[in-house]
There are 2 protein chains.
Amino acid sequence: MPGTAEQVEINEVVLRDGFQNEPGFVATDDKIRLADRLSRSGIRRLEVSSFVSPKAIPNLRDAAEVFDGIERVPGVRYTALVPNVRGAERALHCRVDEVNLVMSIGEQHNLANMRMTCAQSLAQFSEIMQVIAGAGIFVNGTLATTFGCPFEGRQPVDRVLWAVDQYLKLGIEGITIADTIGVANPRQMTAMVSTILRHHPGLALTLHLHNTRDMGLANAIAAYDAGMRSFDSALGGIGGCPYAPGATGNVCTEDLVHMFHQCGIPTGTDLEALTAISQDLPALLGHAVPGFVMKAGTSDRIYPCPVQPQGQSPA
Amino acid sequence: MPGTAEQVEINEVVLRDGFQNEPGFVATDDKIRLADRLSRSGIRRLEVSSFVSPKAIPNLRDAAEVFDGIERVPGVRYTALVPNVRGAERALHCRVDEVNLVMSIGEQHNLANMRMTCAQSLAQFSEIMQVIAGAGIFVNGTLATTFGCPFEGRQPVDRVLWAVDQYLKLGIEGITIADTIGVANPRQMTAMVSTILRHHPGLALTLHLHNTRDMGLANAIAAYDAGMRSFDSALGGIGGCPYAPGATGNVCTEDLVHMFHQCGIPTGTDLEALTAISQDLPALLGHAVPGFVMKAGTSDRIYPCPVQPQGQSPA
């Protein structure tokens, strides 16, 4: 029913998850220009960068400069990934609106990605909470590999519920469940989202999808139907996790927005503006990007007919 | 619920819809070898070629040789597209199991694609039915541009229901609704499939999807949930209609089968065999193909963990 569906929130992650694994460094000025264009596209939540060690992810070494350079449009939440206490201090200094903490559901992936056990991650989150306490920063926690780990396979739902509980006990206010390596399927999605929301009605829950096996949009609409109202996505469908083999491609922002709009589900964003920004990505990055709508146009696109009826009568 | 879901049928169209628009001619022997491999992959319905004018689609000029050369595996239906009476005579001579007739829902697309009005198409179908009467050939009719026409936009559902009625009155036994240019969305899909099956319970209905705007798999699972049990798809996600601008890429067979299997929906096909065939397509065609699972592997894929826990204790 177009017009009657509940709105979704799009959390644009191209500047962080999109750029972190790019072969080349995207110039700071280009990042700032991109962020400013996104701020004017109706996007209301924007992951600007990660306060990770510049050695670990050199592409995001300019996190502070980017935060300093961007326009802060009222109504937009400017967020950053924060992997440790040092990162939290930098985020505080840069006046981020929201920090995003990350732990993997799978112990082995957490070890590979964060060099910590899950228990060590949770202990560190506790320290981070103390660092930012009272600063008015919203705290979101991501559960990476929620739908499957590249090293351990599918994780039990009970393990996810346990991790959600740990996050909430620490005072984390919003939770992102992440299909880090793009293994989720629509049935698993329905079950996962329903189960979490049944245990935690009203939870500020976000879904982070990768399109690795082309199930991104199928998972998104299945999640919406199970109650999900907030989605991470990256312009052009770029991105990937350096520690998750085969994890190429976040779900593509403009393809996701296009599907929602076609389904009559409002996103509050300007699809034409988003597509225009995305169409500039190949020149910026020096390579093609996976997005579909940026190439094919919207479903409403009309072409001139090459053949005209000329005196033909029905047989 | 894995194991309890109703099985779907996969109708492999790579040899027809996949190859018709390729820049190069695929050698007849390669087509025969591909058909024979597909016949042993659990595929039960295989569109082998089109008895179209060799001038219109030179890539399929060897339809008769391909039919003569392939192994006829019991239990597999070997089908062909038939655009006119001459094509029906050739199909009869080649002992096809099923013919596929095509008319577009949009008058302008039918004119561009078939050089006929819809009324002329229906009159011709009537002649074709007389040519093949008594030969024991199953007749399927495709409704192209069911979900939207590149020249006229979205078509009214009543127009689709009218066309279904016309087909059934002519004695056409199965009907394929085709998203020829990849514009359908999951909500539209649910409504369309439900409406048709409510008017015609038990109808042998097939869905033909293109992945032009990345909604192919989302549409497939929405259609399944609305009662669809038969799906066209092309290995590697290749294909496109020469008269439908932007209609690149059928929904990819192995990606579709992978999603269904992950969702616990049986297809009767061997995903590993299908993926192996698909992985040979780039060498055969001389270019990359859009499929995802052929590159990423299945969701169950497990990698060795690059980091091992060494004396780390929970903090």
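Quick notes on the rules
- Residues numbered from 1 in each chain as written.
- Chains lettered and ligands numbered in written order.
- Predicted model: local features only at pLDDT ≥ 70, side-chain atom pairs only at ≥ 80, totals over all residues.
- Heavy atoms only, no water.
- Helix = DSSP H or I, 4+ residues; strand = E, 2+ residues; numbered from the N terminus.
- Rg over C-alpha atoms; globule rule 2.2 N^0.38 Å.
- Contact = heavy atoms within 4.5 Å.
- 1 Å grid on protein atoms, 1.4 Å probe; cavity = no way out; pocket = protein on both sides within 12 Å on 5 of 7 lines; lining within 4 Å.
- Points joined across faces, edges and corners; volume = space filled by probe spheres on them.
- Nonpolar A, V, L, I, M, F, W, Y, C, P; charged D, E, K, R; others polar.
- Pairing = 2+ DSSP bridges.
- Axes fitted to C-alpha atoms, helices over the stretch in contact; angles between N-to-C directions.
- Buried < 20%, exposed > 50% of the residue type's maximum accessible area, 1.4 Å probe, protein only.
- Polar contact = N/O pair within 3.5 Å; in protein donor to acceptor, adjacent residues only side chain to side chain.

Caption draft 1: Here's a closer look at the overall build of chain A. Each helix and strand in chain A was counted, giving 13 helices and eight strands. Against the compact-globule benchmark of 20 Å for 315 residues, chain A has a radius of gyration of 20 Å, which places it among compact chains. With the principal axes as the frame, chain A shows a C-alpha extent of 80 × 45 × 35 Å. For chain A, long-range pairs separated by at least 24 residues make up 75% of all intrachain contacts whose partners lie at least 6 apart in sequence.

Caption draft 2: Molecular detail of empty space enclosed by the protein. Residues and elements named next belong to chain A. What the rule picks out here adds up to two cavities of 30 Å³ or more. Approximately 40 Å³ is the volume found for the largest cavity. If you list the elements that add at least two residues to the lining of the largest cavity, you get β2 (45-50), β4 (98-104) and β5 (138-144). For the lining of the largest cavity, the residue count by class is no nonpolar, six polar and four charged.

Caption draft 3: Fine view of the sheet that holds strand β8 (residues 230-233) of chain A. Residue and element names in this part refer to chain A. Reading around the circumference, β1-β2-β3-β4-β5-β6-β7-β8 is the order of the eight strands in this closed barrel, with parallel pairing throughout. When the angles between neighbouring strand axes are averaged without regard to direction, this sheet yields 25°. Relative to β4, strand β3 (residues 77-81) is paired through three bridges, and the arrangement is parallel. Within β4, the position partnered with leucine 81 by the bridge is asparagine 100. Against the sheet, helix α6 (residues 118-132) engages β4 and β5, with an angle of about 170° to β4.

Caption draft 4: Structural view of the side chain of serine 104 of chain A. Residues and elements named next belong to chain A. Within the secondary structure, serine 104 sits in strand β4. The buried category is assigned to serine 104, whose relative accessible area is 0%. There is a polar contact of 2.7 Å between the side chain of serine 104 and the side chain of histidine 109. Setting aside residues no more than four positions away along its own chain, serine 104 makes contact with His109, Asn110, Asn113, Cys118, Ala144 and Thr145.

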